[in-house]
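# Residue-level structure breakdown
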Amino acid sequence: MANVRRIVDTETREIEVFELVTDEAGLAQMRADPEGYVRKVLADDIDHINGVSFDVHVLAELRKATAVSGGPYVVHHTVSGKWESWVEVTNPK
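Bear in mind the structure is a predicted one, so any value in this text is a computation, not a measurement.

In this structure, Met30, Tyr73, Val87 and Val89 are the most contacted members of the largest nonpolar core, which totals 16 residues. Residue assignment for this core shows that the elements contributing at least two residues are α1 (24-32), α2 (34-42), β2 (51-54), α3 (56-63), β3 (73-81) and β4 (84-90). With three residues, α2 is the largest single contributor of residues to this core. Excluding its chain neighbours within four sequence positions, the residues that come into contact with Val89 are Val38, Val52, Ser53, Phe54, Asp55, Val58, Tyr73, Val74 and Val75.

Written out as structure tokens, the structure reads:
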């Protein structure tokens, strides 16, 4: 059994959606450091990111040595307060 409760009531102010497609070199960088790569490619569009999370399917694909897909990935950026900026990377498949 699990108990789930909302611990903070925040008002979401903004949600942005990006598409991330990368070439082989970018895919190699993303495999080596997924969070760092996403922060780097979003740096021109997003000033501050508190955290980056990945769909388990995206991480599984990145772990596959034979995978050559560089996306497309869907990136959701949610801003819910001053300096509360979170990014989620998902696979639309």
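Having seen the structure, we can now continue with the description.
Here we come to α2. Listed in full, the buried residues belonging to α2 are Pro34, Tyr37, Val38 and Leu42. Down the axis, α2 shows its buried residues gathered within 120 degrees of arc, on one side only. In this fold, the buried residues of α2 make contact with β1 (14-20), α1, β2, α3, β3 and β4.

Here seven bridges tie β1 to β3, and the two strands are oriented antiparallel to one another. Paired with Leu20 across the two strands is Tyr73, which belongs to β3. Bridge count for β3 against β4 is seven bridges, and the pairing is antiparallel. For Thr78, the partnering residue across the bridge sits in β4 and is Trp86.

In this section: the packing of α1 against α2. A pair of packed helices is captured by two measures, namely the crossing angle of their axes and the spacing between those axes. At their nearest, the axes of α1 and α2 sit 5 Å apart, and the two run at 130 degrees to each other. Considering their axes alone, α1 and α2 lie oblique with respect to each other. Facing Gly26, Gln29, Met30, Arg31 and Ala32 of α1, the residues of α2 in contact are Pro34, Tyr37 and Lys40. Each residue belonging to the contact of α1 with α2 can be placed in one class, and the counts come to four nonpolar, two polar and two charged.

Reading guide: rules and limits
- The residue count restarts for each chain, going from 1 along the sequence in the order it is written.
- Owing to the predicted nature of the model, reporting of local features is limited to residues with pLDDT of at least 70; listing and counting of side-chain atom pairs is limited to 80 or more, with chain, interface and lining totals taken over all residues.
- With hydrogens and water set aside, each side-chain value is computed from the structure's full complement of heavy atoms.
- Buried Ala, Val, Leu, Ile, Met, Phe, Trp, Tyr and Cys residues form a nonpolar core when they are joined through side-chain atoms within 4.5 Å.
- Burial classes follow relative accessibility: with a 1.4 Å probe on protein chains only, a residue under 20% of its type's maximum area counts as buried, one over 50% as exposed, and anything between as partly exposed.
- Helix and strand assignments come from DSSP, with helices taken as H or I runs of at least 4 residues and strands as E runs of at least 2, each series counted from the N terminus.
- Any two residues whose heavy atoms approach within 4.5 Å at even a single point are treated as in contact.
- As used here, the arc is the angular range of directions from the helix axis to the C-beta atoms.
- A pair of strands counts as paired when DSSP detects no fewer than two bridges linking them.
- As a rule, the C-alpha atoms of each element are fitted with a line to give its axis, helices using only the stretch in contact, and angles between N-to-C directions run from 0 to 180 degrees.
- To sort the angles, those under 35 degrees are grouped as roughly parallel, those over 145 as roughly antiparallel, those from 65 to 115 as roughly perpendicular, and the leftovers as oblique.
- Amino acids are sorted into nonpolar (Ala, Val, Leu, Ile, Met, Phe, Trp, Tyr, Cys and Pro), charged (Asp, Glu, Lys and Arg) and polar (every other residue, Gly among them).

Note that every value here comes from positions in space, so none of it alone points to a role or purpose.
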